[in-house]
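Spelled out from the first residue to the last, the chains are:
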Protein chains: 2
Amino acid sequence: MSQPESTTLVKDIGEKGLLERLQQFCPPEIVGDDAAVVTTQPGKSLVVTTDMLVDEVHFGDRTTTPEAAGWRAAAANLSDLAAMGASPLGITIALGVPNDTPVNWIEQLYQGITQCLQKFDTFVIGGDVCRSSVKTIAITAFGEVHPERIIRRSTAQVGDAIVATGVHGASRAGLELLLQLETRQSFSNSTQQKLIQAHQHPQPRLDVLPILWEIISQFQHQTENANTCIHVAGMDSSDGLADAVLQICQMSQVGARVERSLIPLPDELKNWSSQQALEWALYGGEDFELVLCLPPDPAQALVQRLGKGAAIVGEITNDSEVYLVDQTGKTPDEVLSLKRGFQHF
Amino acid sequence: MSQPESTTLVKDIGEKGLLERLQQFCPPEIVGDDAAVVTTQPGKSLVVTTDMLVDEVHFGDRTTTPEAAGWRAAAANLSDLAAMGASPLGITIALGVPNDTPVNWIEQLYQGITQCLQKFDTFVIGGDVCRSSVKTIAITAFGEVHPERIIRRSTAQVGDAIVATGVHGASRAGLELLLQLETRQSFSNSTQQKLIQAHQHPQPRLDVLPILWEIISQFQHQTENANTCIHVAGMDSSDGLADAVLQICQMSQVGARVERSLIPLPDELKNWSSQQALEWALYGGEDFELVLCLPPDPAQALVQRLGKGAAIVGEITNDSEVYLVDQTGKTPDEVLSLKRGFQHF
């Protein structure tokens, strides 16, 4: 009664069969108990984040393969850990699927998840599967951080430089290419691939953390008072660069000036509408870069070390608003607002 | 434009409005960043478990108020922590709901969750909300445990006594009363309430852990070799008593004999069909008691300390099967099987 692998459905193998298939994506020592056990380092704080993704809201087979949906879900959670300054310890996955979901679809989803996790030396440590009329994934990621290195949104200070760790707008451009096929005519094949890759396989910026703390340590040692503590505020740009700056300013009760010409846009969009590219950078989201606020000197050192589009895009001010400004004077100053970001309801 | 509170829908207040309402269920210091930070005790291991619950599969408004659905979801996760020997640190909640869900329904759900958590001194530490065509809750619970006190399924030893920490079958009986209204005629009002309460507000047995370790410590000190380590194997009975014994035996590569007459059934079912009550105890599930395997002397001491239906229900053997036996000889021995438990697909 065996069927070709690609047409085996969840109902053909049942819950236990599905769990057995999915256990191959977990370290073997972790499987088989009521919960997973994780060893943490002494003196570190636990950091926890969770995300739910629902078919047709967050992913659809039209724009996203199951493997890419998995990668993106894992990347979004690792990016939240990076935004807190934390190193990943593992993730759990709760999966709800209809009876007639191909097992193959689920395995590809898990392949995408584990490929992303492997790149950042972490694992699936547990999960749950259940029946649902709509494909749903809830991922919870755990990390650990030294308590003095927690990056919060609420600690930005007037005078801080605002660092964006890479280009913004590429993920949204990739989505546009997937949704509006006619847009593709404006781009070469290799450019299309790069933008679609940015959308489907975003890279959480965990690599920024050791560089950041190395630079912070250097600057702290250079100051006359070795006890001076350089605070870093920040978050990730999962909902766009504008949202990140606005959230940080709101939580820190400060304002900011962001300079239009300093926002790093993808090279691939240089010949595209600059107004559209800027919109995507500010409001597109899912670039999963970090937006960090720290004093100008270490900020400059960080940008130089990171390269590849990292830039100081503005500064924290004592205004009550976040202004998008134009040094050239061509465009009038604009007040940025959260209302233009993605709302789930 | 204000509406009566009970008819306000999620789409009326939007994502940010909903998040603001839900933040009242979290400790204020935890809200506002990309992830939650939790302080752990040095030398303890982190324990993580996750569950997804879907409307109409796991709960329906016919048998479960939103408050009870919330309590049960929280209890199930805390029970998994108890089953590992862990004390809770907190939970995260990912919630997917349709646009037209009354906000009141969601608040009652969270009330149920937090009422259960408060009883066990723990909190909601983070979450996510998103749109979905079917109400879905994914809960992830974190706890901590001293590495030497982790309770695993795989460490049961031949000769261990099998302890059930309380009565089994009450939750399934309560469900029956909710589903089959005509069944209610067989029970007094107060009996009905007790059984329905067992189904809607199960109590995770975190209270067993300090008692267990106190007894284990006493017995270890009494042995001539103070280094003798008494292992405790176990899990919770979320899928029924039979499932728990079978899973422990399978993971420990041992067999067991469970004595029919020793299985503690609810007093409320004493005048009910004893065969039906036994079926519910073995296969009904959701009693969320602990099933623990440990040497007979400390097992006896534990049962005496716990009272209220706790009992030694059998012993671990070197058989390859789990037998349900009858000391009186009235019923022939029966081999228990996992196949009769609940399968999600």
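Residues numbered from 1 in each chain as written. Chains lettered and ligands numbered in written order. Predicted model: local features only at pLDDT ≥ 70, side-chain atom pairs only at ≥ 80, totals over all residues. Heavy atoms only, no water.

A.B. asks: For this particular structure, what's the right way to read the overall build of chain A?
C.D. replies: Along the backbone of chain A there are nine helices and twelve strands. Computed over the C-alpha atoms, the radius of gyration of chain A is 21 Å, within 12% of the 20 Å expected from 2.2 N^0.38 for a compact globule of 345 residues. Along the first, second and third principal axes, the C-alpha set of chain A runs to 70 × 55 × 35 Å. For chain A, contacts bridging at least 24 residues in sequence account for 85% of all contacts bridging at least 6. About 14,600 Å² of surface is accessible on chain A, with carbon and sulfur atoms providing 47% of the total. (Helix = DSSP H or I, 4+ residues; strand = E, 2+ residues; numbered from the N terminus. Rg over C-alpha atoms; globule rule 2.2 N^0.38 Å. Contact = heavy atoms within 4.5 Å. Areas by Shrake-Rupley, 256 points an atom, 1.4 Å probe, with all protein chains shown as cover.)

A.B. asks: Where do I start with helix α5 (residues 189-200) of chain A in this structure?
C.D. replies: Helical geometry: 3.6 residues make up each α-helical turn, so side chains three or four residues apart lie on a common side. Spanning twelve residues, α5(A) covers 16 Å between terminal C-alpha atoms, matching the ideal 16 Å at 1.5 Å per step. Elements that come into contact with the buried residues of α5(A) comprise α2 (66-84) and α4 (170-179) of chain A. (Expected span 1.5 Å × (residues − 1).)

A.B. asks: Please explain the relation of the copies chain B and chain A as it appears in this structure.
C.D. replies: The two chain copies are connected by a rotation around an axis plus a translation along it. Mapping chain B onto chain A is achieved by rotating through 180° and translating by 0.0 Å along the same axis, at an RMSD of 0.0 Å. Considering both components of the superposition, the chain copies are consistent with a two-fold axis. For chain B, the residue whose C-alpha comes nearest the rotation axis is Pro42(B), separated from it by 2.6 Å. Of all interface residues in chain B, 100% are interface residues in chain A too; the two copies therefore contact each other through one and the same surface. (Least-squares fit on C-alpha atoms with pLDDT ≥ 70 in both.)

A.B. asks: Sorry if this is basic, but what is going on with helix α4 (residues 170-179) of chain B here?
C.D. replies: Residue and element names in this part refer to chain B. Of all ten residues in α4, seven are buried, a share of seventy percent or more. Among all positions of α4, only Ala 170, Ser 171, Ala 173, Gly 174, Glu 176, Leu 177 and Leu 178 are buried. Where α4 is buried, its residues touch α5 (189-200) and α8 (274-284). (Buried < 20%, exposed > 50% of the residue type's maximum accessible area, 1.4 Å probe, protein only.)

A.B. asks: Would you mind going over the sheet that holds strand β1 (residues 36-38) of chain B with me for this structure?
C.D. replies: Strand pairing in a sheet is mediated by backbone hydrogen bonds. Such pairs are either parallel or antiparallel. In space, the five strands of this open sheet follow the order β4(A)-β3(A)-β5(A)-β2(A)-β1(B), with mixed pairing throughout. Pairing within the sheet leaves two strands with one partner each, and these edge strands are β4 (124-131) of chain A together with β1 of chain B. When the angles between neighbouring strand axes are averaged without regard to direction, this sheet yields 20°. Across three bridges, the pairing between strand β2 (residues 45-54) of chain A and β1(B) is antiparallel. Its bridge partner lying in β1(B), Val48(A) is registered against Ala36(B). Contacts from α2(A) reach β2, β3 (87-97) and β5 (136-145) of chain A together with β1 of chain B, with the element oriented near 150° to β2(A). (Pairing = 2+ DSSP bridges. Axes fitted to C-alpha atoms, helices over the stretch in contact; angles between N-to-C directions.)

A.B. asks: Explain the nonpolar core here, please?
C.D. replies: Soluble globular proteins tend to pack their nonpolar side chains together in the buried interior. Residue and element names in this part refer to chain A. With 64 residues, the main nonpolar core has Leu 95, Ile 106, Ile 113, Leu 212 and Leu 292 as its most contacted residues. In terms of residue count, α2 provides more of this core than any other element does, ten residues in total. Split by domain, this core shows at least three residues from each of two domains, domain 1 (7-148) and domain 2 (151-339). In this view, Ile 113 contacts Gly 70, Trp 71, Ala 74, Ile 91, Ile 93, Val 124 and Ile 139; residues no more than four positions away in its chain are not counted. (Core = buried A, V, L, I, M, F, W, Y, C linked by side-chain atoms within 4.5 Å. Domains from an automatic or database assignment.)

A.B. asks: I'm lost on the interface of chain B and chain A in this one. Help?
C.D. replies: In many reports, interface size means the accessible area that the parts give up when they come together. In this complex, chain B contributes 65 residues to the contact, which on the side of chain A involves 65 residues. Summed over both partners, the interface of chain B with chain A comes to about 5,300 Å²; 58% of that surface belongs to carbon and sulfur atoms. One salt bridge in this structure joins Arg153(B) and Asp34(A), with 3.4 Å as the shortest N-O distance. For the interface between chain B and chain A, the tally reads 15 residue pairs in polar contact (both at pLDDT 80 or more). Partitioned by chemical class, the residues of the side of chain B that touches chain A number 34 nonpolar, 19 polar and twelve charged. (Buried area = accessible area lost by both parts, 1.4 Å probe. Salt bridge = Lys/Arg side-chain N within 4 Å of Asp/Glu carboxyl O. Polar contact = N/O pair within 3.5 Å; in protein donor to acceptor, adjacent residues only side chain to side chain. Nonpolar A, V, L, I, M, F, W, Y, C, P; charged D, E, K, R; others polar.)

A.B. asks: Looking at this model, I keep getting lost on the UniProt feature "binding site: Mg(2+) 5" (unreviewed entry) in chain A. Mind explaining?
C.D. replies: Under the feature "binding site: Mg(2+) 5" (unreviewed entry), the UniProt entry names Asp239(A). According to the relative accessible area criterion, Asp239(A) is partly exposed, its value standing at 39%. (UniProt positions renumbered as here; feature names shortened; annotations may be inferred.)

A.B. asks: So what exactly am I meant to see when it comes to the packing of aromatic side chains here?
C.D. replies: For any two aromatic rings, the description comes down to two numbers: the centre-to-centre distance and the angle of the planes. All names here are of chain A. Scanning all chains against the criterion turns up three aromatic pairs over all chains. Each ring, one from Phe 25 and one from Tyr 110, has its centre 5.6 Å from the other, and the planes form 45°; the classification is tilted. Placement of the pair is Phe 25 in the loop between α1 (10-23) and β1 (36-38) and Tyr 110 in helix α3 (residues 103-119), with a sequence separation of 85 residues. A relative accessible area of 12% places Phe 25 in the buried class. (Phe/Tyr/Trp six-rings, centres within 6.5 Å; stacked < 30°, edge-to-face > 60°.)

A.B. asks: When you look at the sheet that holds strand β10 (residues 311-317) of chain B in this model, what are you seeing that I'm missing?
C.D. replies: All names here are of chain B. If you walk across this open sheet you meet the seven strands as β7-β9-β6-β10-β8-β11-β12, and the pairing is mixed. Looking at strand neighbours, the two that pair on one side only are β7 (233-236) and β12 (334-335), the edges of this open sheet. Alignment of β7 against strand β9 (residues 290-294), held across four bridges, turns out to be antiparallel. From the neighbouring strand, Met 235 faces β9, where its bridge partner is Val 291. Against the sheet, helix α2 (residues 66-83) engages β7 and β9, with an angle of about 180° to β7.

A.B. asks: How should I be thinking about the domain arrangement of chain A in this particular structure?
C.D. replies: Residues and elements named next belong to chain A. With domains assigned, chain A is organised as domain 1 (7-148) and domain 2 (151-339). Taking only C-alpha atoms, the centre of domain 1 and the centre of domain 2 are 27 Å apart. Each partner contributes to the interface: domain 1 provides 20 residues, whereas domain 2 provides 19 residues. Both faces combined, the contact of domain 1 with domain 2 buries some 1,900 Å², and carbon together with sulfur accounts for 58% of it. One can count one salt bridge joining domain 1 with domain 2. Residues Arg 72 and Glu 286 are paired through a salt bridge, measuring 2.9 Å at the closest nitrogen-oxygen approach.

A.B. asks: Help me understand the side chain of Thr140(B) in this model?
C.D. replies: Looking at the secondary structure, you find Thr140(B) in strand β5 (residues 136-145). Note on Thr140(B): relative accessible area 2%, which makes it buried. For Thr140(B), the side chain forms a polar contact with the side chain of Thr140(A), separated by 2.8 Å. Reaching out from Thr140(B), the side chain makes a polar contact with the side chain of Thr50(B) at a distance of 3.0 Å. In this structure Thr140(B) touches Thr92(A), Thr140(A), Phe142(A), Val48(B), Thr49(B), Thr50(B), Gly90(B), Ile91(B) and Thr92(B), once residues within four positions along its chain are discounted.

A.B. asks: How should I be thinking about unusual backbone geometry in this particular structure?
C.D. replies: With glycine set apart, most residues show a phi of negative sign, and most peptide bonds adopt trans. For Phe288(A), which is not glycine, the phi torsion reads 55° and is therefore positive. With respect to the secondary-structure elements, Phe288(A) resides in the loop between α8 (274-284) and β9 (290-294). With relative accessibility at 5%, the residue Phe288(A) sits in the buried group. Even without glycine at this site, Asp121(B) takes up a positive phi of about 55°. Assignment of secondary structure puts Asp121(B) in the loop between α3 (103-119) and β4 (124-131). The exposure class assigned to Asp121(B) is exposed, which follows from its relative accessible area of 66%.

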